[in-house]
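# A closer look at the structure
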Amino acid sequence: MSRLGFRVIPFIKEARTAGEVTEHINAIGEKRSGLPYDIDGVVIKVNDLSLRPRIGENSGRPKWAVAYKFPPEAKLTKLTDITVQVGRTGVLTPLAVLEPVRLAGTTVRAATLHNIDFIKAKDIRIGDTVEVSKAGDIIPEVRRVVLSERPADAVPYEMPAVCPSCGEPVVKDDEAAVRCTNSSCPAQLERNLVHFASRDAMNIDGCGPAIVKLLIGQGLIRDAADIYKLKAEDVAGLDRMGEKSADNLIQAIENSKKAGLDRLIYALGIRNIGAKAASALASHFGNIEALFTAGEEELCSIPDFGAIMAEYTINFFSHPQTRRLIDELTAAGVVTKYEKSAVSDAFAGLTFVLTGTLPTMTREQAEAMITERGGKASSSVSKNTSFVLAGEKAGSKLTKAQALGVPVIDEAEFLGMCGM
Ligand SMILES: [Zn+2]
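Since we're looking at a predicted model, the values are computed, not measured.

## Structural notes on the packing of aromatic side chains
Note on aromatic pairs: each is described by the distance of the centres and the angle between the planes. All told, the structure shown has eight aromatic pairs when counted by the stated rule. Seen from their ring centres, Tyr68 and Phe70 are 5.6 Å apart, and the 85° between their planes marks the pair as edge-to-face. Ring geometry for Phe352 and Phe414: centres 5.9 Å apart, planes at 80°, overall edge-to-face. On the criterion of sequence distance, the pair formed by Phe352 in strand E12 (residues 351–355) and Phe414 in helix H16 (residues 411–417) is long-range, its members being 62 residues apart. Judged by its relative accessible area of 0%, Phe352 is buried. Within the aromatic cluster, the residues linked to one another by ring pairs are Phe347, Phe352, Phe387 and Phe414.

Right under this line is the structure:
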């Protein structure tokens, strides 16, 4: 290929012993940071083609080739500030502002510091020099502080006593979390509405964070029901919004009314109720009204439902503002009854466990495809598991499946089983 003019990497080398393989991996590792492109590992292959069929393969994975992954790349940079973001449920999350540093293919400018306990455990202070790496080569992470580089005037970090968005005093949870409990906090409203419109929720195309922020800023929406009162002329007047995209947004809002009860419950953003639990609630109760009177015992009888999930559900539906919101959504024509969207019963009696990241589907999409076909998605592998659907970076569930002899399938095989 090189003779034909293709650009090929200069590192291909024949090794005769395991020692030579290790030596070569180390040599490439040393050159890694100076390369004009990013690499995360080395592939070792048996190059005698006649040996390959004899060595064979393991469920589609050749035994004559293996990837070695380098440990995550780490770099030093300066932590110039700590800012605080307010999440959908009011949790305040500290974020490290970093001097930009190039790491595993992208420029990193910020990293989450999770909570005050994380900051205290690592004694992270503004002005510190910190070592940053990417967890799983994706999410930037502050690994440690270089204490010898600490400025003399650096002081231990404290979380703010008031919410940076609304200025109300914050409360400390039983966990490490600090929370703003103001139900009309603008930052929470924004996150809530972005969640409401998101793909796995009401799936309102074009209603992302930027638009939601503008709509709130212009006083056009104060809760989810207000989305359904928007008119094309309201939207067309916003920054960077043409008439065409305004029409598209209004159409997407209209279409979302038929999203279904399961998506609606998920979209409400009840704490601890994810897409799967929302779907279980929808199929169990059949309509949104039944949830206002649901008791703990009945909720806990739903498979995979625990006392905490039941408590948050009851709490959410006991708020007067929930009653108001649901009434307005119903009046706007949003579907609040469950229509069983069963596609077939191809998976009746089968239990699937998902692990790792699938190449094209989200976990929620795969789970929906399983339940639509009468199957069950479970979170732990046992001898009763029918299939383990494994993606990239599959962990202990995959190991356990292999130990128990549970068949492991990839996304392509799964889609085939779904008849797609
Ligand atoms: Zn607030």
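## Looking at the domain arrangement of the protein
Along its sequence, the protein is carved into domain 1 (18–69), domain 2 (73–182), domain 3 (186–256), domain 4 (261–331) and domain 5 (351–417). The gap between the C-alpha centroids of domain 1 and domain 5 is 28 Å.

## Remarks on the pairing of E12
Moving residue by residue along a regular strand, the side chains alternate between the two faces of the sheet. Across the five residues of E12, five count as buried, placing the element largely inside the fold. Here E12 shows no split at all, with Thr351, Val353 and Thr355 on one side and Phe352 and Leu354 on the other all buried. Here E12 runs beside strand E14 (residues 387–390); their pairing, made up of four bridges, is parallel. From the neighbouring strand, Leu354 faces E14, where its bridge partner is Leu389.

## Some thoughts on the sheet that holds strand E5 (residues 74–86)
Reading across from one edge, E7-E6-E5-E8-E9 is the order of the five strands in this open sheet, with antiparallel pairing throughout. Of all strands in the sheet, those bounded by a partner on one side alone are strand E7 (106–112) and strand E9 (139–145). Strand-to-strand twist across the sheet, computed as the mean angle between neighbouring axes with direction ignored, equals 45°.

## Structural notes on the coordination of the zinc ion
Protein coordination of the zinc ion is provided by Cys163 (SG), Cys166 (SG), Cys180 (SG) and Cys185 (SG), with donor distances spanning 2.2 to 2.4 Å. Taken together, the four donor atoms surrounding the zinc ion define angles of 98 to 115° at the centre, an arrangement classified as tetrahedral. Donor residues binding the zinc ion come from one chain and are separated in sequence as C-x2-C-x13-C-x4-C. With a gap of 17 residues between them, Cys163 in the loop between E9 and strand E10 (170–172) and Cys180 in strand E11 (residues 178–180) connect regions that are remote in the sequence. As far as the burial class goes, Cys163 and Cys180 line up, both buried.

## Quick look at the pairing of strand E6 (residues 92–103)
The sheet contact formed by E5 and E6 spans seven bridges and is antiparallel. By the bridge assignment, Val86 is partnered in E6 with Leu92. Where E5 folds back on E6, the antiparallel hairpin that results is connected by five residues, among which Gly90 adopts a positive phi of roughly 90°. The sheet contact formed by E6 and E7 spans six bridges and is antiparallel.

Rules behind the numbers
- Residues numbered from 1 in each chain as written.
- Predicted model: local features only at pLDDT ≥ 70, side-chain atom pairs only at ≥ 80, totals over all residues.
- Heavy atoms only, no water.
- Phe/Tyr/Trp six-rings, centres within 6.5 Å; stacked < 30°, edge-to-face > 60°.
- Helix = DSSP H or I, 4+ residues; strand = E, 2+ residues; numbered from the N terminus.
- Buried < 20%, exposed > 50% of the residue type's maximum accessible area, 1.4 Å probe, protein only.
- Domains from an automatic or database assignment.
- Pairing = 2+ DSSP bridges.
- Axes fitted to C-alpha atoms, helices over the stretch in contact; angles between N-to-C directions.
- Donors = N, O, S within 2.8 Å, 3.2 Å for Na, K, Ca; no water.
- Tetrahedral: all angles 85-135°; square planar, octahedral: opposite > 155°, others 65-115°.

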